[in-house]
Amino acid sequence: MATAPHRPDHGALMDQVYRGQRHIYDLTRKYYLFGRDRLIRELDGRPGMAALELGCGTGRNLRLISSSWPGMHCFGLDISSEMLKNARKRLGTTGTLALGDATSFDAPALFGRAGFDRVVLSYALSMIPDWQAALTRAGAALAPGGSLHVVDFGDCDGLPAPLRRLLDAWLARFHVSPRRDLPEVAERLARAQGLRMHVLRGPLGYYQLVRLTR
Ligand SMILES: C[S@@+](CC[C@H](N)C(=O)[O-])C[C@H]1O[C@@H](n2cnc3c(N)ncnc32)[C@H](O)[C@@H]1O
């Protein structure tokens, strides 16, 4: 597994969050990280294509991408060596994993390629302090014709305000900050990098899906 330079403080924080949590992560997150399966269904992969997930965590999504879209080559990057322990176990030889920071990784050095047909950011931007840099870096990693797929917490404006406040407070305990201005930031990126953008809101605004195509 390759290693890229990254912010040791943030990596250490993520390791601290996930050292124990990684054992119950998949079981618990399926009840509140909605929209991930939809993102995977809509990837429209083809044999031979390369998919990169930034902030791949336990490898849950990469495993599903590889079974839903046979023949795709799967790559994953995460800043937490704890989470990568699960991902490595789950993916075995079916994916290439690297330890690194989504805001500043060197794809050719880590993965032996600069461009990817599909890039995925699933509930990762809400945990990355400089999430706008990660989004820009993800866009730059797209091969011609490639697409970037983001799913993360939305504005939740279909939820009663007290419940929304409760959710925000609970997420903050895990260092999660919903990126409510994601569509505006993604639109600026689309203009700067010449990408086409499509935004979708999940039920009650709980999650948002953004797709950017080169
Ligand atoms: C909520 S988990 C999401 C994991 C997975 N994408 C999923 O959908 O289940 C967020 C992941 O982002 C990773 N992460 C946080 N900041 C990162 C960064 N700067 N670079 C790479 N990964 C990061 C964390 O270590 C964690 O594995």
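This text goes with the structure placed above it.
Residues numbered from 1 in each chain as written. Predicted model: local features only at pLDDT ≥ 70, side-chain atom pairs only at ≥ 80, totals over all residues. Heavy atoms only, no water.

Draft legend 1. Inspection of helix α9 (residues 182-193) at higher detail. In this model, α9 (twelve residues) spans 16 Å end to end at C-alpha, consistent with the 16 Å of a helix rising 1.5 Å per residue. If you check which residues of α9 are buried, you get L182, P183, V185, A186, L189, A190 and Q193. One side of α9 holds all its buried residues, which, seen down the axis, span an arc of 160 degrees. With respect to the buried face of α9, the exposed residues turned more than 90 degrees away are R191 and A192. Within two residues after α9, G194 carries a phi angle of roughly 65 degrees, on the positive side. (Helix = DSSP H or I, 4+ residues; strand = E, 2+ residues; numbered from the N terminus. Expected span 1.5 Å × (residues − 1). Buried < 20%, exposed > 50% of the residue type's maximum accessible area, 1.4 Å probe, protein only. Arc of directions from axis to C-beta.)

Draft legend 2. Region of interest: the layout of surface pockets. As a volume, the largest pocket reaches approximately 510 Å³. As for the largest pocket, its lining consists of 39 residues, of which Y18, G55, Y123, A124 and M127 are closest to the centre. Elements that contribute at least two residues to the lining of the largest pocket include exactly α1 (8-21), α2 (25-29), β2 (50-54), α4 (60-68) and β3 (73-78). Residues of the lining of the largest pocket, tallied by class, amount to 20 nonpolar, eleven polar and eight charged. (1 Å grid on protein atoms, 1.4 Å probe; cavity = no way out; pocket = protein on both sides within 12 Å on 5 of 7 lines; lining within 4 Å. Points joined across faces, edges and corners; volume = space filled by probe spheres on them. Nonpolar A, V, L, I, M, F, W, Y, C, P; charged D, E, K, R; others polar.)

Draft legend 3. Looking closely at the side chain of H10. Relative to the elements of secondary structure, H10 occurs in helix α1. If sequence neighbours within four positions are ignored, H10 has contacts with I79, M127, I128 and P129. (Contact = heavy atoms within 4.5 Å.)

Draft legend 4. Region of interest: the environment of G57. You can see G57 is positioned in the loop between β2 and α4. Residue G57 is classed as buried on the basis of its relative accessible area of 9%. In this structure the C-alpha to C-alpha distance between G57 and D157, which are 100 residues apart in sequence, comes to 28 Å. When residues no more than four places from it in sequence are discounted, the contact partners of G57 are D78, M83, L84 and A87.

Draft legend 5. Representation of the side chain of S80 in the model. Its place among the elements puts S80 in the loop between β3 and α5 (81-91). Side chain to side chain, S80 and D15 meet in a polar contact 2.7 Å long. Look past the residues within four positions of S80 in its chain and what remains in contact with it is M14, D15, Y18 and L99. (Polar contact = N/O pair within 3.5 Å; in protein donor to acceptor, adjacent residues only side chain to side chain.)

Draft legend 6. Region of the structure containing the packing of aromatic side chains. Applying the stated criterion to the full structure yields nine aromatic pairs. An aromatic cluster of at least three residues, connected via ring pairs, comprises F34, Y123, F153 and Y206. Here the basic side chain of R29 rests over the ring of F174, its NZ or CZ set 5.6 Å away from the ring centre. Between R113 and the ring centre of F116, over which it is positioned, the NZ or CZ distance is 5.6 Å. (Phe/Tyr/Trp six-rings, centres within 6.5 Å; stacked < 30°, edge-to-face > 60°. Lys NZ or Arg CZ within 6 Å of the ring centre and 35° of its normal.)

Draft legend 7. Representation of unusual backbone geometry in the model. Its identity is not glycine, yet Y123 carries a phi of approximately 50 degrees, on the positive side. By the element assignment, Y123 lies in the loop between β5 (116-122) and α7 (131-140). Non-glycine residue H175 carries a positive phi angle of around 65 degrees. With respect to the helices, strands and loops of the structure, H175 is situated in the loop between α8 (161-172) and α9.

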